[in-house]
Amino acid sequence: MLLALWQLLCVTLKVPTYLVPTPLDIGRTLVADGPMLFAALLVTLKITFLSFALAVLLGVIAAFLFVQSRVIEASLFPYAILLQVTPVVAVAPLIIIWVSNTTLALTICATLVAIFPIISNTVLGLRSVNPGLLNLFRLNRASRWQTLLRLRIPSALPYFFGGLRIASGLALIGAVVAEFVAGTGGTGAGLAYQILQAGFQLNIPRLFAALFLIALTGVLLFSLMAALARVSLGHWHESEQG
């Protein structure tokens with residue numbers, strides 16, 4: 001319905017294509033420039049998946065470290081917050097200068113954007129343990145390791161998967177923003193470069209087509225994380241039932 005309304009308004013009001021293209025114009029551009037746009041999408045997806053995997057690995061390790069002691073958490077958590085509030089466009093030029101490998105530099109930039117939800121949600125999940133169950137484990141003289149594996153980690157899984165949903169989209173955003181800052185071009189360029197080129201050339205349908213691919217990728221990543229949570233938690237946790 002929204003696409004039909006968009007098409008109708010553009011045709012009725014005779015909006016120029018170089019201002020707002022119609023959905024049909026964008027669709028034709030996707031077909032005509034498909035090979036180029038999808039090749040660029042694969043480059044962006046490579047950075048997105050690498051940064052997402054790195055954010056999950058480092059975020060989980062940091063979360064497990066934080067919950068070992070309130071002193072450790074109070075000492076180190078501000079640095080995680082610092083990573084979250086520092087604009088990636090401010091630090092990306094430095095990272096690109098310091099790291100000679102472009103792919104690695106872009107991955108680091110995107111990881112800085114995506115890691116905080118993993119840390120904060122996992123820490124919250126590991127801390128949010130039912131007090132009654134925790135007392136039961138203590139009464140049965142469960143070791144710290146047993147409590148972690150059989151109580152804290154299962155309790156943290158819903159929070160962890162919530163962090164995955166957020167981090168997957170942020171990894172995509174971080175990859176695109178890092179590509180913008182890096183200004184990488186040529187055959188190995190991602191969708192950000194195609195957006196910049198389309199803007200310079202006033203090829204607005206191609207710009208919208210690239211934006212459409214980014215938005216579609218974000219929706220698919222979120223849906224994938226939601227499906228993963230449903231498969232992992234659906235048979236035992238109430239958050240994925242009903």
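Once a new chain begins, its residue numbering starts again from 1 and follows that chain's sequence as written. Given that this is a predicted model, residues contribute local features only at a pLDDT of at least 70 and side-chain atom pairs are listed and counted only at 80 or more, while totals for whole chains, interfaces and linings are drawn from all residues. Derived side-chain values reflect all non-hydrogen atoms in the structure, with water molecules and hydrogen atoms excluded from consideration.

So what about the side chain of Thr107? Which residues, and what values?
Helix and strand labels come from DSSP, where a helix needs a run of H or I of at least four residues and a strand needs a run of E of at least two; each type is numbered from the N terminus. With respect to the helices and strands, the residue Thr107 is situated in helix H6 (residues 102–127). When a residue's accessible area, from a 1.4 Å probe over protein chains only, is under 20% of the maximum for its type it is buried; when over 50% it is exposed; and in between it is partly exposed. By relative accessible area, Thr107 is classed as buried at 6%. Residues in contact with Thr107, not counting those within four places in the same chain, are Ile47, Leu50, Ser51 and Leu54. Here, two residues are considered to be in contact whenever any of their heavy atoms come within 4.5 Å of each other.

Summarise helix H5 (residues 88–98); cite the residues concerned and give the values.
Residues lying three or four places apart along an α-helix face the same way, a consequence of the helix completing one turn every 3.6 residues. Among all positions of H5, only Val88, Ala92 and Ile95 are buried. Looking down the long axis of H5, one finds its buried residues gathered within 70° of arc, a one-sided arrangement. Away from the buried face of H5 by more than 90 degrees, exposed residues Ile97 and Trp98 are located. Directions drawn from the helix axis to the C-beta atoms are what define this arc.

Go over the packing of aromatic side chains, please, and point to the residues and values.
Only Phe, Tyr and Trp rings are paired, with Trp represented by its six-membered ring, and only when their centres lie within 6.5 Å; those with planes under 30 degrees apart are stacked, over 60 edge-to-face, the remainder tilted. Overall, the coordinates contain 4 aromatic pairs when judged by the stated rule. Site record: aromatic cluster; members linked through ring pairs are Phe66, Phe77 and Phe116.

With reference to specific residues and values, describe the layout of surface pockets.
Note on definitions: the grid is 1 Å and covers protein atoms alone; a cavity is a set of points where a 1.4 Å probe fits but cannot get out; a pocket is an open set with protein on both sides within 12 Å along at least five of seven lines; lining residues have an atom within 4 Å of a point. Grid points are joined across faces, edges and corners, and a volume is the space filled by probe spheres set on the points. Of the voids in this model, the largest pocket is the one considered here, and its volume is about 270 Å³. Lining the largest pocket, in full, are Val67, Gln68, Leu126, Arg127, Leu134, Arg138, Ala142, Arg144, Trp145, Thr147, Leu148 and Arg152. Elements with a minimum of two residues in the lining of the largest pocket: H6, helix H7 (131–139) and helix H8 (144–182). The greatest single-element share of the lining of the largest pocket, amounting to 5 residues, is contributed by H8. The space that makes up the second largest pocket amounts to roughly 170 Å³. As for the second largest pocket, its lining consists of Leu82, Leu83, Gln84, Thr86, Val88, Val91, Ile95, Leu112 and Val113. Looking at the lining of the second largest pocket, the elements with two or more residues in it are helix H4 (70–85), H5 and H6. We call Asp, Glu, Lys and Arg charged. Ala, Val, Leu, Ile, Met, Phe, Trp, Tyr, Cys and Pro are nonpolar, and the rest, Gly among them, are polar. When grouped by side-chain class, the residues that make up the lining of the second largest pocket number 7 nonpolar, 2 polar and no charged.

An account of the pattern of salt bridges is requested, with residue identities and associated values reported.
By convention in these notes, a salt bridge is any Lys or Arg side-chain nitrogen within 4 Å of a carboxyl oxygen on Asp or Glu. Applying the stated criterion across every chain yields a total of 4 salt bridges. The partner of Arg28 in a salt bridge is Asp25, with the nearest N and O atoms 2.5 Å apart. In this pair, Arg28 and Asp25 both sit in helix H2 (residues 23–32), 3 residues apart, roughly one turn of the helix. You can call Asp25 buried: its relative accessible area is 17%.

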